[in-house]
Every structure is written in structure tokens, then in C-alpha cells.
Amino acid sequence: MAATTAYPADDLQRFGYQGQLKRILNTRQLAAFGMNYMLPISPMAVYGAVYAVSGGMVVLAYLIGMVALMFTAASYGQMVKAFPLSGSVYNYVGRGIGAPFGFLAGWSILLDYFLVPSLLYLVAASSTTAAAAPVGVLAHIPAWAWFVSFVLVNTVINWRGIRMTSIVITLTLILELTVLAIVVFVGLWAVATGRGHWTWSPLYNSSTFSWHIVLAGTSVALLSFLGFDGISLLAEEAQDAARRVRTAMLIALAGAGVLFIAQTWVAAMLTPDPAALIANGDPAGTAFSDALAVAGGHWIATLCLVATALAWGLPDSMAAQAAVSRLLFAMARDKQLPSFLAKVSRKHNSPVAAILVVSVLNTALGLYMLNRADGTALLGSWINFGALIAFTLLHVTVIYYYLIRRRSRNLFSHLLVPLIGLAIIGTVMWNARTSAQLLGLAWFGLGVLVMLIMYAVGRRPSLPGMAPAHSPTPVRQAV
């Protein structure tokens, strides 16, 4: 069997830390957090973009994305068993290979974690403005006011601690799933009654198929999946984190994947002009609601618009804000970011300084993009590549830590699975948009520069309590 070391989930002192966050989350709450971070109805906002880039094979793009990230989730599961700590890939790579590599992994994924909330608030503000236009006095509220309102609400809730955040996220997830069930039912009923037509083309279209096109679509579709890994950032707030985080990630990823495929397939069967959507794209972001309008008229299109606005503006961005604040907290705690970011509220056990910084930066970036005609498209194209770099480092860490350091004999979990994950992630990165590649590599290069400066001023990246990870004698246990 495999060689690994089992650590008590609550024994943070073994890793050189004092517990500052409360371990209160169970598997259901963790999965709900991940589902909301991915947002079950997120394809409603990006459906047109994925459809156009993938040559109409939107279902295949989401299917490949789900399968690809299943291997990544498996690698996350292996590392969280060894290191049940906040910080996600930052701690896993840092403790599995070395602190400098951990810094680069954390820095890489930080790009996406910073950009995602701004994009979510931007889409929510724009959608709310459009939905409120016919409603009298609400029509006069500018998009920036909606943007700021969403940020303030989420900041207050996250400030109150993970228990309050979890309650709000779970309740809103139920509402999102209810809306999604209505949308899918109405869409299928429309297809059954002749207002749409059954087709396999969203899964495979011989006239447009090429791996380059499909994988380019997958790189955009991954935006909807980004967030399943956010569950690992709550490891120090989870009960029995080594087991529950891994299970919750797989549940959330599989559940979201099925929901993404179901709603995009239904929309594809109702899209009024597929060729025009492929040729012209979806600059207004209304392709999904336009398709559902064919099924149920104005009311279902309005429902999609309102649901997208509220879901992206509140629970999804709330989860994103909570996740990035935990990453900042973990890196600051190790003095790899300004130490004030590690400040925790004694009353609410929440990383208050990190939450406030995230709120300010997201507001500044989002309001700037709100004034650009291409703001949403630009932000959307930038997201994912930083996470893909971090996922690559994660897969390498599983192989290095378990096979070389721990001398594991579990070749399936510790060699084959991460190698497959590496191959898939590498292929998606190669086929991603050029702008995303350039920004991601530039950000990674900036991280290397920052790390060199840290070395120059005598602040070499290091992690406390590294002895358990470096123990030369493996403890034989079944995985």
C-alpha cells in the first residue's frame, strides 16, 4: 500500500501554527461552498462565449473541463491528507517540494482569485441594471451603485465569520437550484412540444470539430469550474479536514459539472441562430436568456437575468471573497505577504484585514472595468491561466512528495492520476487564448521577480514546522 503520514486534523502546532479559525464546517457545508463558488447557473452568463469559441460544442467543452479537473481534484485530495491547512496549493506545493515553489504556486493562483470577484461583481451590476430598467425608480440606479452595494453586503457577511457565510451560501444555493430546475424543465418542455429540436451537435459537431477549437472552448468553460479548489482554502475551518475537504471537492465538482452540461445542452437546443452565434459571438452576454425566451417567453428570460445578477453578485462573489482572503491570510501568516493581512477578528474568527483589502481592490478594478465597453470580456479572458499554472505545480508536487520523499508504492494515485492531470491541464493551457497566456506568464514572471527581491533583502520564503514533511522515514498506511 501507499506510504504516507497521518496528521490529526486539529493539530496545527505540528505545522508550526496556533489555531485562529474555528473548525465548524462539515462535508455538506464545504460542498455547498464549492458549488456556490462555481455557481450552478454560471453558464447563463458565459454560455454565448463558450458556444462561439467551441464551435457550438458547448457541452463537450464543459464535459472535458469536468473530467480534466476531476484529476486535479484527486491530486488536491492527496495533498490535503498530508497537509490539512489553509492556503491550498500555496501550502501543498510549499510543504511538498519547497517554500519557494509554494510561494510561486500561491502567487499564480492569486491572480485568478483577485480577478474572479471583480468579474462577478461586474456581471452582477450589469445584469441588475438591465433587469431593473423596466421597474420604475430602479431604472435610475446606476450600475456602479449596484456594484458597490454587492461588495458592501458580502464584506459585512464575510466579516461576521465563516458560520454566517456558510448559512447564507447554503440558503442561496437552494434558491439557485430551484431556478435552474425551472429553467431546465421549461426548456425540455419547449423541445418536446416542437419549439426547439433535439441535437447531438452541442456534444459533437463534425462540421466544426477540431481539438484546438474544443480545447479553446474548454479554457473558457473552466471559468465556471474555478472555485472547486476554493474548498481547500477552508481546511482550517473544516471538521476532519483531511477527509471532508477531499470528499466535498469531488461532490461539488461532479454536481456542478452535471448541472453545467444539462443547462447548456437545453440552451443549445433552443438557440435561435447557432451559426450567427458562432460567427459573431455574444458581446451583449444575452445568448442564454435569448435561447430561453424561445421556450417560455419574456418571463423566463427575465428570470434568468435576475437569477444571474443576484447569484453572481451575492453568494458566488461572497464565496470568492472568502476564499481569496484565506489565501492572503495563509501567505501573510508565513510573512510572504505583508503581515497585517494575517490579522484575525477575535470576535468573529475571520481574517478581517484580508477581507477588507480584497474588497477595496475588487471595487477599484471592477469600477474601472465597468467604464470600459470590453470590460467583462477582458476580465473573462484573463481568468484561468494563473490557476492552471498552480494546478500544474500541484500535480508535480503529488509525484515528488509521495513517490520521492515518502517512497509511496501507490503508483495509481501518486503517479498515473497526476500525470494524466498534467497532460490535460498542459493541453488546455497550450490552447488557451493568447491574451490569457501572456497575462498568466507575465504574472508568474512578476512572482519570480518578487521572490528574488525577497531573497535579496533576506526574507527567503520559508514555512514553519516543516519537520513532519521532511521526515526521511515513511509511515506505512493504507490510502
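Residues numbered from 1 in each chain as written. Predicted model: local features only at pLDDT ≥ 70, side-chain atom pairs only at ≥ 80, totals over all residues. Heavy atoms only, no water.

> Describe the overall build of the chain, and please don't skip the residues or the numbers.
Summing up its helical and strand segments, the chain has 18 helices and zero strands in all. Whereas a compact globule of 479 residues would reach a radius of gyration of roughly 23 Å, the chain reaches 22 Å, a difference of no more than 12%. Counting all 479 residues of the chain, 60% fall into the buried class. Counted over contacts in the chain with a minimum sequence separation of 6, partners at least 24 positions apart contribute 84%. When the accessible surface of the chain is totalled, it reaches about 18,000 Å², and 70% of it is carbon and sulfur. Looking at charge distribution, the chain has the averaged site of its 27 positive side-chain charges lying 14 Å from that of its 14 negative ones. (Helix = DSSP H or I, 4+ residues; strand = E, 2+ residues; numbered from the N terminus. Rg over C-alpha atoms; globule rule 2.2 N^0.38 Å. Buried < 20%, exposed > 50% of the residue type's maximum accessible area, 1.4 Å probe, protein only. Contact = heavy atoms within 4.5 Å. Areas by Shrake-Rupley, 256 points an atom, 1.4 Å probe, with all protein chains shown as cover. Lys, Arg positive; Asp, Glu negative; His and termini not counted. Charge placed at Lys NZ, Arg CZ, Asp CG, Glu CD.)

> Any details on the pattern of salt bridges? Residues and values, ideally.
One pass over the full model with this rule turns up three salt bridges. For Glu236, the salt bridge identified is with Arg333, shortest N-O distance 2.8 Å. Of this pair, Glu236 sits in the loop between helix 8 (211-225) and helix 9 (241-270) while Arg333 sits in helix 12 (residues 298-333), and the two are 97 residues apart along the sequence. Asp240 serves as the salt-bridge partner of Arg243, at 2.8 Å between the closest nitrogen and oxygen. (Salt bridge = Lys/Arg side-chain N within 4 Å of Asp/Glu carboxyl O.)

> Outline empty space enclosed by the protein, listing residues and values.
Across all of its chains, the model carries three cavities of 30 Å³ or more by this definition. Around the largest cavity, the lining residues are Tyr37, Met38, Ser42, Val116, Leu119, Leu120, Leu223, Ser224, Leu226, Trp312 and Asp316. Mapped by element, the contributors of at least two residues to the lining of the largest cavity are helix 1 (27-38), helix 5 (99-132), helix 8 and helix 12. With three residues, the top contributor of residues to the lining of the largest cavity is helix 5. If you add up the space inside the second largest cavity, you get close to 50 Å³. In terms of lining residues, the second largest cavity is bounded by Leu69, Leu222, Phe225, Leu226, Asn384, Ala387, Leu388 and Phe391. Mapped onto the lining of the second largest cavity, the elements with two or more residues apiece are helix 8 and helix 15 (385-405). (1 Å grid on protein atoms, 1.4 Å probe; cavity = no way out; pocket = protein on both sides within 12 Å on 5 of 7 lines; lining within 4 Å. Points joined across faces, edges and corners; volume = space filled by probe spheres on them.)

> Please provide a residue-by-residue account of the environment of Met249, values included.
In this structure, Met249 sits in helix 9. Residue Met249 is classed as buried on the basis of its relative accessible area, which comes to 0%. Here the alpha-carbon distance between Met249 and Phe228, two residues 21 residues apart in the chain, equals 5.9 Å. Each residue touching Met249, except ones within four places of it in the same chain, is listed here: Tyr76, Phe228, Asp229, Ile231 and Ser232.

> Run through the side chain of Arg333, naming residues and quoting values.
You can call Arg333 buried: its relative accessible area is 14%. Leaving out residues up to four positions away in the same chain, Arg333 has contacts with Tyr17, Gln20, Ser86, Asn91, Glu236 and Ala342.

> Requested: an account of unusual backbone geometry, with residues and values cited.
A positive phi is found at Leu39, a non-glycine position, where the angle reads about 70°. For Leu39, the position within the fold is in the loop between helix 1 and helix 2 (43-53). Of note, Lys335 is a non-glycine position whose phi angle comes to about 60°, a positive value. Mapped onto the elements, Lys335 comes out in the loop between helix 12 and helix 13 (352-370).

> Describe a nonpolar patch on the surface, with residues and values.
A cluster of nonpolar side chains, namely Leu446, Leu449, Ile453 and Val457, defines an oily patch on the protein surface of about 360 Å² accessible area. Mapped onto the secondary structure, Ile453 falls in helix 17 (residues 434-456). Ile453 gets classed as partly exposed once you look at its relative accessible area, which sits at 48%. (Patch = residues over 30% accessible without salt bridge, like charges linked within 9 Å, V, L, I, M, F, W, Y side chains within 5 Å.)

> Which residues make up the environment of Ala68, and what are the values?
Tracing the backbone through its elements, the reader meets Ala68 in helix 3 (residues 58-82). Between the C-alpha atom of Ala68 and that of Thr218, which follows or precedes it by 150 residues, the distance is 9.7 Å.

> Can you lay out helix 3 for me, pointing to particular residues and giving the numbers?
Here helix 3 spans 37 Å end to end across 25 residues, near enough to the 36 Å set by a 1.5 Å rise per residue. The buried fraction of helix 3 amounts to 20 of the 25 residues, a majority that puts the element mostly inside the structure. (Expected span 1.5 Å × (residues − 1).)

> Can you break down the packing of aromatic side chains residue by residue, with the values?
In total, this model carries 22 aromatic pairs according to the counting rule given. Between Tyr62 and Phe260, the aromatic rings sit 5.6 Å apart at their centres with planes inclined by 55°, giving tilted as the arrangement. Within this pair, whereas Tyr62 is found in helix 3, its partner Phe260 is found in helix 9, the two being separated by 198 residues in sequence. Each member of the pair, Tyr62 together with Phe260, is buried. (Phe/Tyr/Trp six-rings, centres within 6.5 Å; stacked < 30°, edge-to-face > 60°.)

> How would you summarise the environment of Ala307 if you had to cite specific residues and measurements?
Summarising the element assignment, Ala307 is placed in helix 12. For Ala307, a relative accessible area of 13% gives the class buried. Spatially, the C-alpha atoms of Ala307 and Thr27 are 26 Å apart, while their sequence positions differ by 280 residues. If sequence neighbours within four positions are ignored, Ala307 has contacts with Ile41 and Val179.

That is the geometry; function is a separate question.
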